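# Chains, contacts and geometry: an overview
Given next are the chains, with one letter for each unit.
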Number of protein chains: 2
Amino acid sequence: MQQLKARDGGAGARVAAFTLLAHVLAAAAAALVLFWCIHFRGGLALRSHDKQLIFNAHPVLMLLGLVVVAAEAILCYRSLPWATPQLVSRDARKKAHLALHAVGLALGGLGIYAVFKFHVEAGIPNLYSLHSWIGITTISLYALHWLTAFLTFFFPGAAPATRRSAVPWHALLGLLIFALAVGNAQLGFLEKLTFLQGPPVRLAKYGAEALLVNFTALVVLLLGVAVVLATANVDSTRYTAM
Amino acid sequence: MQQLKARDGGAGARVAAFTLLAHVLAAAAAALVLFWCIHFRGGLALRSHDKQLIFNAHPVLMLLGLVVVAAEAILCYRSLPWATPQLVSRDARKKAHLALHAVGLALGGLGIYAVFKFHVEAGIPNLYSLHSWIGITTISLYALHWLTAFLTFFFPGAAPATRRSAVPWHALLGLLIFALAVGNAQLGFLEKLTFLQGPPVRLAKYGAEALLVNFTALVVLLLGVAVVLATANVDSTRYTAM
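Residues numbered from 1 in each chain as written. Chains lettered and ligands numbered in written order. Predicted model: local features only at pLDDT ≥ 70, side-chain atom pairs only at ≥ 80, totals over all residues. Heavy atoms only, no water.

### With respect to the packing of helix α6 (residues 130-154) of chain B against helix α7 (residues 160-197) of chain B
All names here are of chain B. Closest axis-to-axis distance for the α6/α7 pair is 9 Å, and the angle between their directions is 155 degrees. The pairing of α6 with α7 is recorded here as roughly antiparallel in orientation. Here the hand of the crossing between α6 and α7 comes out left-handed. Class assignment for the residues of the contact of α6 with α7 results in 13 nonpolar, nine polar and two charged. (Axes fitted to C-alpha atoms, helices over the stretch in contact; angles between N-to-C directions. Helix = DSSP H or I, 4+ residues; strand = E, 2+ residues; numbered from the N terminus. Parallel < 35°, antiparallel > 145°, perpendicular 65-115°, else oblique. Left-handed = near helix turned anticlockwise from the far one by under 90°. Nonpolar A, V, L, I, M, F, W, Y, C, P; charged D, E, K, R; others polar.)

Set out below in C-alpha cells:
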C-alpha cells in the first residue's frame, strides 16, 4: 500500500474529492429525475391506462440502473482502495462491485422493457432513433462486460497471468460503456424534451420544466466526468515527452 | 524508446490498429456529413436567402473542426511516438498537434457563428437546448485547454517539473473535451433529425435520410472510441488487485 501511494504521487486527495463529488451528483441525479417524472409528468407505472406513466418509468429506471447504481458500483471498487483501504477488504469490495452492477443491469433491463411496452401500447414505432440504437448497444455491452468479468475474475476465474493483463482492459472498457450510458442519457433527455417542445404539448423553451430537464442532464454529465476523474490513471512517470 | 516499448508491453500493434481505424472513420465521418448536407439538405452557405443552407454549415464545420481535425491532432501527437518514432521528430509532432488543434478550433468557431446567424435570420431562439448548452461549454473548454497548453508547453513554457506533472492531466482533460465534442455531435444529429421527423417536414422514421444521419452519428461515435483506444494508457503494472 505504501508503495502504491508513493507511485500514485498524492492522488489520494484527488480520488477522495472526486468520489465524494460523484456520490453527491449521483444522489442529485436520482432525486431530479424522480422529481421531474412525478411532479411535472404525473408519476410512473408499469401498468396504466395513461400510457405516458409507463413511458415515465423508462428514464427513472435507466438513470438509476445504468448511471447512478453503475457509478456507485465503479466507485466502490476503484476508489476505496486509495481512500480507505483498511476499512473494507478487497474481496468484499469485489463482491459489492459485482452485485451492484447486477442490480444496475436489472434496473436497466426493466427500463428497456418499460419503453418497449409504452411504444407497443401507444402505437409508436420501436428502434428508429439514435437514442434507441445506442441504448440497445450500451445495455448489450454492459451485460456482456458483466458476464465476461464474472467468468474471468469471480467464477470459475481465469489464470492469474490472464487476470493481470485483463484487469486494465476491464477497467477501460467498463468506463467506456459507462460513458456510453451517460452520453445516451443526454440523448434521451434531449429527445424527450424536443418532443414535448413540439406539438401538441408545446412546452415553453425557457420554462421551468425545460430548465429542470436540461439541468438534470448536466448533473448526469458532471457525474460521468467525476467518476472518470475519480478512477483515471494520471501517471506522469509514463511520459517521456513534454 | 526501448525502455518505453518494454514498459508498454506490446501496445504498439494495438495503437497502430486503432490509429488506422480512427483515420478511416474520420474520413468516413467527413464524407458522410458532407454527403448528407449537400445531397439531402440542398448544400451549405454562410450567406443565402435560403436560411436552411446557413444552418447546414453548422454540422459540417463543427464535425470537421471539433471532431475530425481534433481527432487527427490528438493522433498525430499521441500515437506516432509508438508507431513510427523514427520518421517524425517530437518537436515537429508537437507543432503539428498545436497547429491542427488551432485549425479545429477555428472551424468550430465558424460553425458556432453559422448556427447563431441562422437562428437570428430565421427568428429562432438561441441557447435553449441541451445541445447548445453543452456545445458552448465544450468549445469554451477547448479554447481554454488550447491556450493553457500553448502557455505551458510551447511559449513561454513552464518549468520542466511543472510540465512533467501537467502532461498526463493535459492528455486526460483533452480526451474528456474530445469526448464531450463527440457526445455533443450525437445530440446535434438527434436534435436535427427529431425536428425533421416532426411537422412540417415529417421525414420517414426508417427512410434513407434518417438511416444516413443515424449511421453518420454512429461512425462519429466509433471514431471517438477508436481515438480513446489508440491513446489510452492500458498499464497492467498499475494494478495490485485482481
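### A closer look at the relation of the copies chain B and chain A
Once chain B has been moved 0.0 Å along the axis and rotated by 180 degrees, it coincides with chain A to within an RMSD of 0.0 Å. The transformation relating the two chain copies, once decomposed into turn and shift, fits a two-fold axis. A share of 100% of interface residues in chain B that are also interface residues in chain A marks the association as one of identical surfaces. (Least-squares fit on C-alpha atoms with pLDDT ≥ 70 in both. Contact = heavy atoms within 4.5 Å.)

### Quick word on the nonpolar core
In terms of nonpolar packing, the biggest core is built from 96 residues, with Phe189 and Val227 of chain A together with Phe189 and Val227 of chain B touching the most fellow members. Excluding its chain neighbours within four sequence positions, the residues that come into contact with Phe189 of chain B are Val33, Trp36, Leu63, Val213, Thr216, Ala217 and Val220 of chain B. (Core = buried A, V, L, I, M, F, W, Y, C linked by side-chain atoms within 4.5 Å. Buried < 20%, exposed > 50% of the residue type's maximum accessible area, 1.4 Å probe, protein only.)

### A word on the interface of chain B and chain A
Contacts between the two partners involve 61 residues from chain B, matched on the other side by 61 residues from chain A. Buried area between chain B and chain A, both sides added, is near 5800 Å², and the carbon and sulfur share of it is 69%. Here chain B and chain A share zero salt bridges between them. Along the contact surface separating chain B from chain A lie four residue pairs in polar contact (both at pLDDT 80 or more). When residues of the side of chain B that touches chain A are traced back to their parent elements, those giving at least two are α1 (2-8), α3 (51-78), α5 (90-122), α6, α7 and α8 (208-231) of chain B. With 19 residues, the top contributor of residues to the side of chain B that touches chain A is α7 of chain B. When the residues that make up the side of chain B that touches chain A are grouped by side-chain class, the tally is 37 nonpolar, 13 polar and 11 charged. (Buried area = accessible area lost by both parts, 1.4 Å probe. Salt bridge = Lys/Arg side-chain N within 4 Å of Asp/Glu carboxyl O. Polar contact = N/O pair within 3.5 Å; in protein donor to acceptor, adjacent residues only side chain to side chain.)

### Looking at the pattern of salt bridges
What the rule picks out here adds up to eight salt bridges over all chains. Note that Glu209 of chain A is salt-bridged to Arg41 of chain A, the shortest N-O span being 2.7 Å. One end of the pair, Glu209 of chain A, is in helix α8 (residues 208-231); the other, Arg41 of chain A, is in the loop between α2 (11-40) and α3 (51-78), and 168 residues separate them in sequence. Overall, Glu209 of chain A belongs to the buried group, its relative accessible area being 6%. Between Asp91 of chain B and Lys95 of chain B there is a salt bridge, with its nearest N and O atoms 3.2 Å apart. Here Lys95 of chain B and Asp91 of chain B lie together in helix α5, a separation of four residues that amounts to about one turn. Judged by its relative accessible area of 43%, Asp91 of chain B is partly exposed. Take Lys95 of chain B: its relative accessible area is 44%, and that puts it in the partly exposed class. A single salt-bridge network, built from bridges that share partners, covers Lys51, Lys117 and Glu121 of chain A.

### A short note on the confidence of the model for chain A
Fine structural detail should not be taken from predicted coordinates in areas where pLDDT scores are low. Residues and elements named next belong to chain A. Across chain A, the average pLDDT comes to 91, with 89% of residues at 70 or higher. Within chain A, the element-level pLDDT minimum falls on helix α1 (residues 2-8), averaging 44, and the maximum on helix α6 (residues 130-154), averaging 98. Below pLDDT 50 for its whole length, residues 1-7 participates in 11 contacts with residues either more than four positions away or in separate chains. (pLDDT = per-residue confidence, 0-100.)

### What about the environment of Val201 of chain A?
All names here are of chain A. Locating Val201 in the fold gives a position in the loop between α7 (160-197) and α8. In this structure Val201 comes out as partly exposed when scored by relative accessible area, which is 44%. Taking the C-alpha atoms as reference, Val201 lies 37 Å from His101; in sequence the two are 100 residues apart.

### Digging into the packing of aromatic side chains
Tallied over the full model, the rule gives 14 aromatic pairs over all chains. Here the aromatic rings of Phe35 of chain A and Phe40 of chain A are separated by 6.1 Å at their centres, their planes lie at 85 degrees, and the arrangement is edge-to-face. Assessed through its relative accessible area of 28%, Phe40 of chain A is described here as partly exposed. With 5.4 Å between their ring centres and 65 degrees between their planes, Trp133 of chain A and Phe215 of chain B make a pair best called edge-to-face. Linking Trp133 of chain A in helix α6 with Phe215 of chain B in helix α8, this pair reaches from one chain into another. Taking the relative accessible area as the measure of exposure, Phe215 of chain B reaches 47% and is therefore partly exposed. Sitting over the ring of Tyr77 of chain B, Arg93 of chain B keeps its end group 5.8 Å from the ring centre. The ring centre of Phe55 of chain B lies 4.0 Å from the NZ or CZ of Lys192 of chain B, which sits over that ring. (Phe/Tyr/Trp six-rings, centres within 6.5 Å; stacked < 30°, edge-to-face > 60°. Lys NZ or Arg CZ within 6 Å of the ring centre and 35° of its normal.)

### Remarks on the environment of Val33 of chain A
All names here are of chain A. Structurally, the position occupied by Val33 is in helix α2. Once the C-alpha coordinates of Val33 and Phe189 are considered, the two residues, 156 residues apart in sequence, prove to be 10.0 Å apart. The residues touching Val33, leaving out its near neighbours within four places in the chain, are Pro59, Val60, Leu63, Phe189 and Thr216.

### Brief notes about a nonpolar patch on the surface
Residues and elements named next belong to chain A. A cluster of nonpolar side chains, contributed by Leu34, Ile38 and Leu44, occupies part of the molecular surface with about 230 Å² of accessible area. Here Leu44 lies in the loop between α2 and α3. Using a relative accessible area of 36% as the deciding quantity, one classes Leu44 as partly exposed. (Patch = residues over 30% accessible without salt bridge, like charges linked within 9 Å, V, L, I, M, F, W, Y side chains within 5 Å. Areas by Shrake-Rupley, 256 points an atom, 1.4 Å probe, with all protein chains shown as cover.)

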